[in-house]
Amino acid sequence: MSTEQCVMGVCFFALDANGPKLFGFPELLAGLALMVLAWTTADVRYRFRVRVAPLPLETLTFGVVAAVGVLTLLTDLWRAEEWLVPRGNLLTPAQWQATLAGLFLVTFLAWSWFAFIAPPKFGKHNAKRFAQTLYGIILRGSPSELAVIADELTRSMSAFVRYATNRGNDYPRNAADKESDPPLEEAYANDLLLLIADRRLCRAIVESSPVTAMALFREMGRTKKYGIQVETFAKNLVNEALANKDSFLYHEAEGYESGLIGYQKPFSQAMFANYKMVAAVGTLLDPDLSQKSKWDADQWEAYCRVVLISLRDYVDQHFWQHSSVLYRAMGYIESTTSDLYKLDGLISTWDSDTVRRLRVVVEFIKDAVKILDEKGVPEHVRPRVRARHGHPRETFYDHFASMIFEVIFHTSAVRSPFSECWYIQHNLVWGEMFGFHHFDNPAGEMVKFKLRRLLYDEVAQMKEFPNFKGAKILGFCLNVMGLEKRRVEHHKDSHALHKAILLWTKKNFAWLHAYNPRVAEACLVDGISYDAEKRRLVKTYPVEGLRREPHYVYLDVEPAPDEPPTRE
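First things first, this report covers the structure right here in the doc. (Residues numbered from 1 in each chain as written. Predicted model: local features only at pLDDT ≥ 70, side-chain atom pairs only at ≥ 80, totals over all residues. Heavy atoms only, no water.)

Overview of the overall build of the protein chain
Thought 1: Within the protein chain one finds 26 helices and six strands.
Thought 2: With the C-alpha coordinates of the protein chain rotated into their principal frame, the extents come out at 140 × 60 × 40 Å.
Thought 3: Residues classed as buried in the protein chain amount to 48% of the 568 residues present.
Thought 4: The contacts of the protein chain with a sequence gap of at least 6 include a subset with a gap of at least 24, amounting to 74%.
Thought 5: For the protein chain, the exposed area adds up to about 28900 Å²; of that, 55% sits on carbon and sulfur atoms.
Thought 6: Computed over 68 positive and 68 negative side-chain charges, the inter-centroid distance for the protein chain is 4 Å. (Helix = DSSP H or I, 4+ residues; strand = E, 2+ residues; numbered from the N terminus. Buried < 20%, exposed > 50% of the residue type's maximum accessible area, 1.4 Å probe, protein only. Contact = heavy atoms within 4.5 Å. Areas by Shrake-Rupley, 256 points an atom, 1.4 Å probe, with all protein chains shown as cover. Lys, Arg positive; Asp, Glu negative; His and termini not counted. Charge placed at Lys NZ, Arg CZ, Asp CG, Glu CD.)

Remarks on a nonpolar patch on the surface
Thought 1: A contiguous nonpolar patch, built from Val70, Leu71, Leu74, Leu77, Trp78 and Trp83 and spanning about 500 Å² of accessible area, is present on the exposed surface.
Thought 2: Along the chain, valine 70 turns up in helix 3 (residues 57-81).
Thought 3: Relative accessible area serves as the criterion here: at 48%, valine 70 is assigned to the partly exposed category. (Patch = residues over 30% accessible without salt bridge, like charges linked within 9 Å, V, L, I, M, F, W, Y side chains within 5 Å. Salt bridge = Lys/Arg side-chain N within 4 Å of Asp/Glu carboxyl O.)

Topic: the environment of leucine 84
Thought 1: As for its placement among the helices and strands, leucine 84 is situated in strand 3 (residues 84-86).
Thought 2: Relative accessible area serves as the criterion here: at 32%, leucine 84 is assigned to the partly exposed category.

Some points on helix 11 (residues 210-223)
Thought 1: The terminal C-alpha atoms of helix 11, which comprises 14 residues, lie 20 Å apart, in line with the 20 Å expected from a rise of 1.5 Å per residue.
Thought 2: Residues Pro210, Thr212, Ala213, Met214, Leu216, Phe217, Glu219 and Met220 constitute the buried set of helix 11.
Thought 3: A positive phi of about 60° marks lysine 224, the residue just after helix 11. (Expected span 1.5 Å × (residues − 1).)

Quick look at the environment of valine 68
Thought 1: In this structure, valine 68 sits in helix 3.
Thought 2: For valine 68, a relative accessible area of 1% puts it in the buried group.
Thought 3: The spatial distance from the C-alpha of valine 68 to the C-alpha of alanine 101 is 8.1 Å, given a sequence separation of 33 residues.
Thought 4: Not counting residues up to four positions away in its chain, the partners in contact with valine 68 are Phe23, Leu28, Leu100, Leu103 and Phe104.

A closer look at the pattern of salt bridges
Thought 1: Tallied over the entire structure, the rule returns 28 salt bridges.
Thought 2: In this structure, glutamate 145 and arginine 140 form a salt bridge, with 3.2 Å as the shortest nitrogen-oxygen distance.
Thought 3: Residue aspartate 339 is joined to arginine 357 by a salt bridge in which the shortest nitrogen-to-oxygen separation is 2.9 Å. With aspartate 339 in the loop between helix 19 (324-335) and helix 20 (353-375) and arginine 357 in helix 20, this pair connects stretches of sequence that are 18 residues apart.
Thought 4: Note on aspartate 339: relative accessible area 16%, which makes it buried.
Thought 5: Assessed through its relative accessible area of 8%, arginine 357 is described here as buried.
Thought 6: Look at the salt bridges and you will find they share partners, linking Lys245, Asp296, Asp298, Asp339, Asp353, Arg356 and Arg357 into a network.

Brief notes about the packing of aromatic side chains
Thought 1: If you walk through the whole model with that rule in mind, you get 25 aromatic pairs.
Thought 2: Here the aromatic rings of phenylalanine 319 and tyrosine 397 are separated by 6.2 Å at their centres, their planes lie at 70°, and the arrangement is edge-to-face. With phenylalanine 319 in the loop between helix 18 (297-317) and helix 19 and tyrosine 397 in helix 21 (residues 396-411), this residue pair connects regions lying 78 residues apart in the sequence.
Thought 3: On the accessibility criterion, phenylalanine 319 (16% relative accessible area) is buried.
Thought 4: The buried category is assigned to tyrosine 397, whose relative accessible area is 1%.
Thought 5: On the numbers, 5.0 Å between centres and 65° between planes, the contact of phenylalanine 509 with tyrosine 530 is edge-to-face. Taken together, the positions of phenylalanine 509 in helix 25 (residues 495-515) and tyrosine 530 in strand 4 (residues 528-531) put the pair 21 residues apart, joining distant regions of the chain. Across the pair, tyrosine 530 and phenylalanine 509 agree in class, each one buried.
Thought 6: Members of the aromatic cluster, joined through ring pairs, are Tyr275, Tyr314, Phe319, Tyr327, Phe364, Phe396, Tyr397 and Phe400.
Thought 7: Across from the ring centre of tyrosine 554, 4.0 Å away, lies the NZ or CZ of arginine 536, which sits over that ring. (Phe/Tyr/Trp six-rings, centres within 6.5 Å; stacked < 30°, edge-to-face > 60°. Lys NZ or Arg CZ within 6 Å of the ring centre and 35° of its normal.)

Let's talk about helix 24 (residues 468-481)
Thought 1: Taking 1.5 Å of rise per residue, 14 residues should cover 20 Å, and helix 24 covers 20 Å from first to last C-alpha, within 8% of that figure.
Thought 2: Across the 14 residues of helix 24, eleven count as buried, placing the element largely inside the fold.
Thought 3: Along helix 24, the residues that are buried comprise Gly470, Ala471, Ile473, Leu474, Gly475, Phe476, Cys477, Leu478, Asn479, Val480 and Met481.
Thought 4: Capping the start of helix 24 is the job of one residue whose side-chain oxygen sits 3.2 Å from the backbone nitrogen of lysine 469: asparagine 467.
Thought 5: Just past helix 24, the residue glycine 482 takes up positive phi, approximately 90°. (Polar contact = N/O pair within 3.5 Å; in protein donor to acceptor, adjacent residues only side chain to side chain.)

Some remarks on the packing of helix 23 (residues 442-460) against helix 24
Thought 1: Following both chains from N to C, one finds helix 23 and helix 24 inclined at 125°, their axes separated by 8 Å at the closest point. Taken together, the axis directions place helix 23 and helix 24 in an arrangement best described as oblique. Taken as a pair, helix 23 and helix 24 cross one another with a handedness that is left-handed. Each of Leu455, Glu458 and Val459 in helix 23 lies in contact with helix 24, whose residues at this interface are Lys469, Gly470, Ile473 and Leu474. (Axes fitted to C-alpha atoms, helices over the stretch in contact; angles between N-to-C directions. Parallel < 35°, antiparallel > 145°, perpendicular 65-115°, else oblique. Left-handed = near helix turned anticlockwise from the far one by under 90°.)

What follows is the structure, given as structure tokens:
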């Protein structure tokens, strides 16, 4: 029975316990149970999205749900007891219930919006929450969570680049910029670029979401912000990609191996095809020094592919500049042959990883010379750089010749047995450089000229200072070119060097043998010996194949002078 009471002009009436009911406490509990179930079973992706929303969604949700729950419970209690409420036109009982239901629905829709419809990105309004949430996930280091977050970061990479500090040549632009604190979002963007360099996250990006890295480097290339703090991230990412043989660096091989991805190379192009970015970052081509010694031939081949991508853009756009990153990369590649000495005395080494790495290095050199030839030899490049001119006159051709020289020096450590020595020194190295017309182009001719000069100068230096390096180079030259002159068309590029080496040997070997027999012995590989009594070198071709008896080739040398060598 409805009653009404008025006090000072304000009338109150009792709520009807049997009136229409749109939203009550039981409905709230049912909806809340479903929400709690959804929130607790959601994976890290959706929890991350909610936590980095521009609004403090978790706090607001708790407050709204708590308020709606209390008001709904009081409303149901008021109705059940038929307590008095003010009469007016502002809200009817049904509208009040609809308001509470609407607040509860808006809360659910807000979670759905940020979790599914419009996932938040890094920005001014959520910079702190974004950084704190990501820091906690990386600190835990769960591989399953990092795999999800690696993909989730893709949409924020452009914002990282946009807000991060670009430390170019003019940074800081003035004293005021140096002393003032950067905006909050800029400071957090800088911190996040350092945070994502965590090796565990880089590993997850390589395994689960390489598009995240591609998004970052593409944005850097588009905005030309090459000075942001990605040095550590770039180095760790590339090293993790090289360590994982299922990564994009291995799938982006040649087109006949990988199909369309192999032709387009989207990830490698985004990261390495912009030489200006590679040079500014500085670490994209720097392998982990503690890991590169463990790399096998497949890993070095992948590394050489990305170096060639950067080299092509360097030659096309920046050939006049000194390139420290490419010079370092060439040094790393050359060093992979430094353990060839371990093959000395072994047999059947053709399929060993050491020999396979040597093949990779030789193929890299051949491909690099092709790239140089496509550009053409600049007019200012001189075939010979005088020692007094020094570094400023040296060009990329000089560095390639020096690289080949060091590879030859490493292969010279394999002195026996005869077949292995010949296969490694001649077939894998010398024949590829001076045979098969691989370097029969202007760039190749320039490199070969400089290489011949380096080889002869190293040998000729032994007249002033006998040393084992020069001895090994001489042994290499005598082995691959022989002890007799040959006017063969496919050896025409080495005729001048061959003639000079034989002349030096003829004049100086007896003296070298008398002065330091150990150095002279280092000049001789398996199959070449020195007959001191008859003063001649003897090259023995053993019985093998169709050869029924050994074949000997001789090089007579001049007697040693009486005076000792001069030293500088």
